[in-house]
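# Descriptive analysis of the structure
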Amino acid sequence: MSTDPTTMTRASRGVYAITPDETDTDRLLHRVTQVLDAGAVWLQYRNKGASTALRAAQARALLPLCRAHGVPLIVNDDWRLAAAIGAEGAHLGESDGELGPARAAMGDGALIGASCYADIERARRAVDTGASYVAFGAFFPSPTKPHARRAEPGLLSAARSLGVPRVAIGGLTPDNAGPLVAAGADLLAVISGVFDAPDPARATRAFAACFD
Ligand SMILES: Cc1ncc(COP(=O)(O)OP(=O)(O)O)c(N)n1
Ligand SMILES: Cc1nc(C(=O)O)sc1CCOP(=O)(O)O
Ligand SMILES: [Mg+2]
């Protein structure tokens with residue numbers, strides 16, 4: 001797979017790993033390496049507890065690792081940070097500003113994702129304003145976000161006509177994610193199911209097997 005960001009092949013089916021809140025950057029890189037080695041196809045850098053400086057340092061540190069694996073790095077919440085470090089994309093939820101300015105600043109090639117919760121109309125609007133993919137959830141109780149709104153698998157099939165990759169998130173495990181892929185999920189976005197697993201590499205492979 002190409003490691004040049006301008007020609008990088010972007011798999012749009014598979015495991016979309018999202019980092020846990022990890023303050024130790026060396027440990028973060030170690031944990032992410034295991035998951036990328038095991039075949040995750042996209043990585044989102046998300047650290048809700050970190051200072052601005054730590055987030056910038058960790059996102060920068062992840063970039064060469066992602067490049068070495070041919071995996072796009074998507075920065076949660078902050079498209080300006082993503083643009084500043086040359087990451088491939090940003091993920092924006094309802095509190096993270098408008099998508100249009102992010103698209104205008106990052107260009108046509110950027111991977112800009114939108115959280116759509118359980119709202120298909122929000123997904124339509126996101127695609128109309130330039131989203132590269134839409135994320136729905138939470139499909140199951142999430143250890144990371146216990147109060148997340150809940151979504152039903154039918155949303156994934158309903159969103160097929162939007163013509164962009166559909167991401168499923170929220171409480172996913174290798175045992176519950178198969179029906180979401182059957183319903184149309186192109187990517188399984190996972191934090192605890194991978195990073196809190198006793199063997200993150202094995203968990204990543206088990207999620208990937210949901211696509212077989
Ligand atoms: C792939 C993906 N889907 C949904 C989210 C959640 O975004 P948001 O609602 O902005 O919540 P936070 O992640 O910022 O707490 C996501 N990050 N990634
Ligand atoms: C960040 C996030 N967003 C969600 C949504 O529903 O929009 S659920 C969620 C947490 C995902 O973590 P885990 O894989 O540990 O459940
Ligand atoms: Mg957010």
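The structure under discussion appears in the preceding block.
Our subject in this report is the structure included herewith. (Residues numbered from 1 in each chain as written. Chains lettered and ligands numbered in written order. Predicted model: local features only at pLDDT ≥ 70, side-chain atom pairs only at ≥ 80, totals over all residues.)

### Some remarks on the site of ligand 2
For the record, the criterion: Each residue receives a C-beta atom built from its backbone; the residue is near a molecule or strand if that atom lies within 6 Å of it. Secondary structure follows DSSP: runs of H or I at least 4 residues long count as helices, runs of E at least 2 residues long count as strands, and numbering of each begins at the N terminus. Each residue gets one label: Ala, Val, Leu, Ile, Met, Phe, Trp, Tyr, Cys and Pro are nonpolar, Asp, Glu, Lys and Arg are charged, and the others, such as Gly, are polar.
Of all residues adjacent to ligand 2, which total 17 residues, the nearest are Gly137, Ser142, Thr144, Ile191 and Ser192. For the shell around ligand 2, the secondary-structure elements that each account for two or more residues are β5 (111-117) and α8 (192-195). Split into classes, the residues belonging to the shell around ligand 2 amount to 8 nonpolar, 8 polar and 1 charged.

### What about the site of ligand 1?
As a structural note, the neighbourhood of ligand 1 is formed by 15 residues, with Gly93, Ser115, Ala135, Ile169 and Ala189 the closest of them. If you list the elements that add at least two residues to the shell around ligand 1, you get β5 and β7 (166-169).

### A word on the pairing of strand β2 (residues 42-45)
What counts is decided by this rule: Put simply, a residue is buried when 20 or more other C-beta atoms lie within 10 Å of its own C-beta and exposed when 12 or fewer do; between those, it is partly exposed, and each C-beta is set from the backbone. Being paired, for any two strands, means DSSP has found at least two bridges between them. Clockwise travel from the first strand over the helix to the second, with the strands pointing away from the viewer, marks a crossover as right-handed.
Of the two faces of β2, the one lined by Trp42 and Gln44 and the one lined by Leu43 and Tyr45 are each fully buried. Examined bridge by bridge, strand β1 (residues 14-18) and β2 share 3 bridges and lie parallel to one another. Bridge pairing links alanine 17 to leucine 43 in β2. For the segment spanning β1, helix α1 (residues 25-37) and β2, crossover handedness is right-handed. Relative to strand β3 (residues 73-76), β2 runs parallel, the two sharing 3 bridges. Within β3, the position partnered with tyrosine 45 by the bridge is valine 75. Handedness of the crossover joining β2 and β3 through helix α2 (residues 52-69): right-handed.

### Observations concerning the environment of glycine 170
Considering the arrangement of structural elements, one finds glycine 170 in the loop between β7 and α7 (178-183). Judged by the 24 C-beta atoms lying within 10 Å of it, glycine 170 is buried. The spatial distance from the C-alpha of glycine 170 to the C-alpha of phenylalanine 136 is 8.5 Å, given a sequence separation of 34 residues.

### Topic: the nonpolar core
Worth spelling out the cut-off: Here a nonpolar core is just a set of buried residues of the types Ala, Val, Leu, Ile, Met, Phe, Trp, Tyr and Cys, joined wherever their C-beta atoms sit within 7 Å. Here contacts are defined at the residue level, using C-beta atoms placed from the backbone and a cut-off of 7 Å between them.
One finds Leu43, Val134, Ala168 and Leu188 to be the most contacted residues of the largest nonpolar core, which totals 67 residues. When residues of this core are assigned to their parent elements, the largest contribution, 5 residues, is made by β5. The contact partners of leucine 43, leaving out residues within four places of it in the chain, are Ala17, Val32, Leu36, Leu62, Cys66, Val71, Leu73 and Ile74.

### Considering unusual backbone geometry
A cis amide bond links glycine 137 to the next residue, alanine 138, at an omega of 10°. With respect to the helices and strands, the residue alanine 138 is situated in the loop between β6 (133-137) and α6 (154-158). Positive phi values are uncommon outside glycine, yet aspartate 77 reaches one of about 75°. Its place among the elements puts aspartate 77 in the loop between β3 and α3 (79-85). Classification of aspartate 77 by C-beta neighbours within 10 Å gives buried; the count is 20. One non-glycine residue, tyrosine 117, lies in positive phi territory at about 55°. With respect to the helices and strands, tyrosine 117 occurs in strand β5. Tyrosine 117 sits in the buried class, given 21 other C-beta atoms within 10 Å.

### Regarding the sheet that holds strand β8 (residues 187-190)
Put simply, the rule is: Angular values range over 0 to 180 degrees, each being the angle between N-to-C directions of two axes fitted as lines to C-alpha atoms, with helices fitted over their stretch in contact.
The 8 strands are arranged β1-β2-β3-β4-β5-β6-β7-β8 in a closed barrel whose pairing can be described as parallel. Mean inter-strand twist for the sheet, computed between neighbouring axes without regard to direction, equals 25°. Both β5 and β6 contribute to a ladder of 4 bridges, which runs parallel. Paired with alanine 114 across the bridge in β6 is valine 134. In the packing of α2 onto the sheet, contacts are made with β2 and β3, and the angle to β2 comes to roughly 170°.

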